[in-house]
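A look at the structure
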Amino acid sequence: QVQLVESGGGLVQAGGSLRLSCAASGRTFSTYAMGWFRQAPGKEREFVARIRWSGGSTVHADSVKGRFTISRDNAKNTVYLQMNSLKPEDTAVYYCAASSQNYGGAGAYTWRAQYDYWGQGTQVTVSS
């Protein structure tokens, strides 16, 4: 199995930036994609961004396009989420996820059910 540990969350003012990191360990050789989801209190966990491990193709949710960027470092088995121009509505617990399933299609890995492993989450709070 795969273990995921997120870091980098914190409190920032609107318009500020944060970079989240997710370090993967364990059977990472079987990972096809990693992604970020977020969950605000009382709301469902929603897709933020994902990246295929081989090739590095990315998908970003419409709500974060142009502000957030997902990237990876293969050598470190780490995925990042660079968050710029943060808004109060970005406040949530951000979760890293990994998938050992090989889905095809440009839009794959945008559903929670497509992931097998999840981190504990890291809190991001954006003040107005």
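A short tour of the structure in this document, coming up. This one's a predicted model, so the numbers in the text were calculated from it and none came from an experiment.

About the cut-offs
- Residues numbered from 1 in each chain as written.
- Predicted model: local features only at pLDDT ≥ 70, side-chain atom pairs only at ≥ 80, totals over all residues.
- Heavy atoms only, no water.
- Helix = DSSP H or I, 4+ residues; strand = E, 2+ residues; numbered from the N terminus.
- Buried < 20%, exposed > 50% of the residue type's maximum accessible area, 1.4 Å probe, protein only.
- Contact = heavy atoms within 4.5 Å.
- Phe/Tyr/Trp six-rings, centres within 6.5 Å; stacked < 30°, edge-to-face > 60°.
- Lys NZ or Arg CZ within 6 Å of the ring centre and 35° of its normal.
- Core = buried A, V, L, I, M, F, W, Y, C linked by side-chain atoms within 4.5 Å.

A few words on the side chain of S21. Mapped onto the secondary structure, S21 falls in strand β3 (residues 18-26). On the accessibility criterion, S21 (17% relative accessible area) is buried. Leaving out residues up to four positions away in the same chain, S21 has contacts with V5, E6, S7, W36, T78, V79 and Y80.

Next up on the list: the packing of aromatic side chains. Tallied over the full model, the rule gives 6 aromatic pairs. Seen in terms of ring centroids, Y103 and Y109 are 5.5 Å apart; in terms of plane orientation they differ by 75 degrees. Their pairing is edge-to-face. Its relative accessible area of 27% is what places Y103 among the partly exposed residues. Three or more aromatic residues joined by ring pairs form one cluster here, namely F37, F47, Y103, Y109, Y115 and W118. Taking NZ or CZ as reference, R45 lies 3.7 Å from the ring centre of Y95, over its face.

Residues M34, W36, V79, L81, M83 and Y94 are the most contacted members of the largest nonpolar core, which totals 36 residues. Looking at this core, the elements that each hand over two or more residues are β1 (2-7), β3, β4 (33-39), β5 (46-52), β7 (68-73), β8 (78-83), β9 (92-99) and β11 (122-127). Once you skip the residues sitting within four places of it in the chain, M83 turns out to touch G16, S17, L18, L20, R67, F68, Y94 and V124.

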